[in-house]
Amino acid sequence: MIALLQRVSRASVEVAGEVKGAIGPGVLVLLGVVRSDDEAIAERLADKVAHYRILAGDDGRPDRSLLDTPDAAALVVSQFTLGANTRKGRRPDYGPTAPAAQAQSLYTTFVRALAARGVPVEQGIFGADMQVALVNDGPVTFWLEVS
């Protein structure tokens, strides 16, 4: 499972012109699920994201987590392209990505696990054509993988 974390001042996701999720300061999580992922992996990644020190502390350095920052939230958006194999050629190979039913189930598990840890969570609509808007703060972006 892959999470691309972007520290944001604000972020939102729209489907068919309607805002489905929006946050102020926090983290935009683009979440990719691969075939080998399971619920235990989703739980571990949610724990890592909740505790990952990506937010700025008093000195401006990224040393606070979502749980350390009272006004911070997470916006979670499914991103199947993160699981693509891009090592060869000029076209992504989506073979490693999880089938839709598995990916949706594990996306839901991840969102619930993140919320259960005390992180305020907004989300997009799994599988929808979404427009994601964000103001990347820093910019600060991290790629996390858990297997």
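Residues numbered from 1 in each chain as written. Predicted model: local features only at pLDDT ≥ 70, side-chain atom pairs only at ≥ 80, totals over all residues. Heavy atoms only, no water.

Draft legend 1. Layout of the environment of Asn85. Checked against the element boundaries, Asn85 lands in the loop between strand 6 (73–78) and helix 2 (100–116). Note on Asn85: relative accessible area 27%, which makes it partly exposed. Engagement of the side chain of Asn85 in a polar contact is seen with the backbone nitrogen of Arg87, the distance being 2.9 Å. (Helix = DSSP H or I, 4+ residues; strand = E, 2+ residues; numbered from the N terminus. Buried < 20%, exposed > 50% of the residue type's maximum accessible area, 1.4 Å probe, protein only. Polar contact = N/O pair within 3.5 Å; in protein donor to acceptor, adjacent residues only side chain to side chain.)

Draft legend 2. Structural context of the packing of helix 1 (residues 39–51) against helix 2. It is at 8 Å that the axes of helix 1 and helix 2 come closest, and there the two elements cross at 40 degrees. For the element pair helix 1 / helix 2, the angle class is oblique. Helix-helix and strand crossings are classified by hand; for helix 1 and helix 2 the assignment is right-handed. Here Glu39, Ala42, Glu43, Leu45, Ala46, Val49 and Ala50 of helix 1 come into contact with helix 2, specifically with Leu106, Thr109, Phe110, Ala113 and Leu114. For the contact of helix 1 with helix 2, the class distribution of residues is nine nonpolar, one polar and two charged. (Axes fitted to C-alpha atoms, helices over the stretch in contact; angles between N-to-C directions. Parallel < 35°, antiparallel > 145°, perpendicular 65-115°, else oblique. Left-handed = near helix turned anticlockwise from the far one by under 90°. Contact = heavy atoms within 4.5 Å. Nonpolar A, V, L, I, M, F, W, Y, C, P; charged D, E, K, R; others polar.)

Draft legend 3. Spotlight on the pattern of salt bridges. Counting across every chain of the model gives six salt bridges. The closest approach of N and O atoms between Glu18 and Lys20, which form a salt bridge, is 3.3 Å. Overall, the relative accessible area of 35% leaves Lys20 in the partly exposed class. Between Asp68 and Arg53 there is a salt bridge, with the nearest N and O atoms lying 2.8 Å from each other. (Salt bridge = Lys/Arg side-chain N within 4 Å of Asp/Glu carboxyl O.)

Draft legend 4. Structural context of the side chain of Ser65. Note that Ser65 resides in the loop between strand 5 (62–64) and strand 6. At 3.5 Å, the side chain of Ser65 and the backbone oxygen of Ala50 are in polar contact. With residues up to four places along the chain from it excluded, the contact list for Ser65 reads Ala50, His51, Tyr52, Arg53 and Leu55.

Draft legend 5. Focus on the pairing of strand 6. Where burial is concerned, most of strand 6 is hidden: six out of the six residues are buried. Burial of strand 6 is two-sided: the residues Ala73, Leu75 and Val77 facing one way and the residues Ala74, Val76 and Ser78 facing the other way are all buried. In the sheet, strand 6 pairs with strand 7 (residues 121–123) via three bridges, with the strands oriented parallel. From the neighbouring strand, Val76 faces strand 7, where its bridge partner is Gln123. Regarding topology, helix 2 serves as the crossover connection from strand 6 to the parallel strand 7, and that connection is right-handed. (Pairing = 2+ DSSP bridges. Right-handed = clockwise from strand over helix to strand, strands pointing away.)

Draft legend 6. Inspection of the environment of Leu106 at higher detail. Secondary-structure assignment places Leu106 in helix 2. Taking the relative accessible area as the measure of exposure, Leu106 reaches 4% and is therefore buried. The spatial distance from the C-alpha of Leu106 to the C-alpha of Gly32 is 9.7 Å, given a sequence separation of 74 residues. Residues in contact with Leu106, not counting those within four places in the same chain, are Met1, Val33, Asp37, Asp38, Glu39 and Ala42.

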